[in-house]
Amino acid sequence: MKSSTLEIGAAYIRVSTDDQAELSPDAQIRVIRDAAKAEGFIIPEEFIFMEKRGISGRKADNRPEFQRMVAVAKSQSPAPFKRLYVWKFSRFARNQEESIFYKGILRKKCQVEIKSVSEPIAEGMFGRLIETIIEWFDEYYSINLSGEVLRGMSEKALRSGYQISPCLGYRAVGGGRPYVIDDREYPIVEFIFSYYHEGHDLTAVARECNRRGYRTRRGNLFERRTIDRILRNRFYMGIVEWNGIQFQGTHETRPSVTDIFQANLDRLAQEFHPVKRREISSCRHWLSGILVCGSCGASLSVNVSNNQKKRPDAFQCWKYAKGYHTGSCSISVHKAEASVLESLKSVLDTGNIEFEYIKPMDKTLSGERAALEAALFRLTAKEARIRDAYENGIDSLDEYRVSKERLKTERTALDQELANLFSQDPEVPLSVQKSTIMESIRSAYNLISNPDVSYEIKGAALRRIVKKIIYYRSENRLEFHYYV
């Protein structure tokens, strides 16, 4: 057959870790190419989609090459390849619902045929029926295999077999044998336990670990929740836990940790005070969200003290509070308030100001802008609530991540709507711009200096004239960014 008559095909390769009779990736490609050539198809290198070894077929979202293959097929009409070859239909998917969905896309929308080289079936409705039966069997096999694996892992745990992911300071040796101490990491564990036992809090421990260049097992910075999990992990006391099953392990432990483990645990129990989810003010202080750290650009969170004489209320960088960096960026609430009022008063007295001009809204759009700004303000309150719920142990990390992504999507949409509104505004002369901001500053100054006005109103007034205030702790300087 002449090469000019060959059609373009593609190959999807995925190797299962549970199939002992599975062909290697190279063998699959060789067999697929031979079968394709015999049927008049050629498979270019760019249309060979190969997953990394061990990728599960249960969920298509977890298979990047599969998603790339579908995207390439949908990139033009008709698809750049006419037929997709797989070694087995189970390589395409082991979830019948997803198999039907993606095969429907490829066959109906992209006009791509799908063929298994090791499971030849007849054309027509009878062939589709056989294919469906194969899919049912593959899904049953996958579900049954999961159950068998879980039962096997449970039996292994009941027989004191090691199968959990090694924690910081240990490494696995395979075969269910006891983990051994990693002499490169275990000193970090010893430092965490001893430093906390000396009286430092979780944040201070995390901050000192990061200052010394220590990293978690995944190479990340330490934070207070990481330290808390390490201090509570009973593996360091010799107890192995897996899926509700626990046993006394035979792995090595060291007195430098075991001798102070219970004392640290008792202190954690005394200091941990879980709180129920509660409604909080949408504006804890009128400077909340405006003050930012001059070192890292993160927001300064207000910390309310129970003893104003000993430690007055103050703003602090939230990243420093979690232990992400060592340089404190704290400023007292009283000093911050006085500095803001002094800056506003100086501008009003001298008339000297540099500002960023943002086009004013058309009157017909002002109502829509107000609604969007209110929605953004409420969104900030929601973000604070889910962060509080996570930090106080009410929500898990997965729940916090889902909520955070949802609110991030909402914020992106609202910001885009605001940007669209601003793009419709007419130009305003510089003299009008300055008179507008001076009038807004005067109004904001009168509201902020009035003790009877609520934080919400003060915050809204300040946000209309100040984009952000950067605090440089080392220079003891506040930098105001005005806009109109």
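So, a few notes on the structure that sits alongside this text. Keep in mind that what you see is a predicted model, and the values were worked out from it rather than measured.

## Comments concerning helix H15 (residues 455-463)
Spacing of three or four residues puts side chains on the same side of an α-helix, whose turn is 3.6 residues. Turning to H15, its buried residues number three or more, namely Lys458, Gly459, Ala461 and Leu462. One side of H15 carries all its buried residues, which in axial view fall inside an arc of 165°.

## Structural notes on the nonpolar core
By size, the foremost hydrophobic cluster in this structure holds 34 residues, and its most contacted members are Leu287, Leu300, Phe315, Ile441, Leu462, Ile469 and Tyr482. Taken together, the elements giving at least two residues each to this core come down to strand S10 (291-293), strand S11 (300-303), strand S12 (314-317), helix H11 (333-350), helix H14 (430-448), H15, strand S15 (466-472) and strand S16 (477-483). Element by element, the count of residues in this core is highest for H11, at six residues. With near-sequence residues (within four places) excluded, Phe315 lies in contact with His285, Leu287, Ser288, Leu291, Leu300, Ser301, Val302, Cys329, Ser330, Ile331, Val333 and Ala336. Residues Phe222, Ile230, Trp242 and Val257 belong to the second largest nonpolar core, which totals 33 residues.

## Regarding the pattern of salt bridges
On inspection of all chains with the given rule, the structure shows 19 salt bridges. Among the salt bridges present, the one from Glu252 reaches Arg254, with a minimum N-O distance of 3.3 Å. For Glu252, a relative accessible area of 44% corresponds to the partly exposed category. On the basis of relative accessible area, Arg254 is assigned to the partly exposed category, the value being 24%. Asp349 serves as the salt-bridge partner of Lys345, at 2.9 Å between the closest nitrogen and oxygen. Of this pair, Lys345 and Asp349 both sit in helix H11, four residues apart, roughly one helical turn.

## Some details on the packing of aromatic side chains
The way to describe two aromatic rings as a pair is by their centre distance and the angle between their planes. Applying the stated criterion across every chain yields a total of 15 aromatic pairs. Consider the rings of Phe41 and Tyr85, whose centres lie 6.1 Å apart with planes at 75°: the pair is edge-to-face. Here Tyr85 lies in strand S4 (residues 83-86) and Phe41 lies in strand S2 (residues 41-42), a separation of 44 residues in the sequence. We note that Phe41, like Tyr85, is buried. Ring geometry for Phe101 versus Tyr102: centroids 5.0 Å apart, planes at 80°, classification edge-to-face. Owing to a relative accessible area of 11%, Tyr102 belongs among the buried residues under this scheme. For the cation-ring pair, Arg207 lies above Tyr320, with the distance from its terminal atom to the ring centre recorded as 3.6 Å. It is Arg267 that lies over the ring of Tyr196; its NZ or CZ is 4.0 Å from the centre.

Rules and cut-offs
- Residues numbered from 1 in each chain as written.
- Predicted model: local features only at pLDDT ≥ 70, side-chain atom pairs only at ≥ 80, totals over all residues.
- Heavy atoms only, no water.
- Buried < 20%, exposed > 50% of the residue type's maximum accessible area, 1.4 Å probe, protein only.
- Helix = DSSP H or I, 4+ residues; strand = E, 2+ residues; numbered from the N terminus.
- Arc of directions from axis to C-beta.
- Core = buried A, V, L, I, M, F, W, Y, C linked by side-chain atoms within 4.5 Å.
- Contact = heavy atoms within 4.5 Å.
- Salt bridge = Lys/Arg side-chain N within 4 Å of Asp/Glu carboxyl O.
- Phe/Tyr/Trp six-rings, centres within 6.5 Å; stacked < 30°, edge-to-face > 60°.
- Lys NZ or Arg CZ within 6 Å of the ring centre and 35° of its normal.

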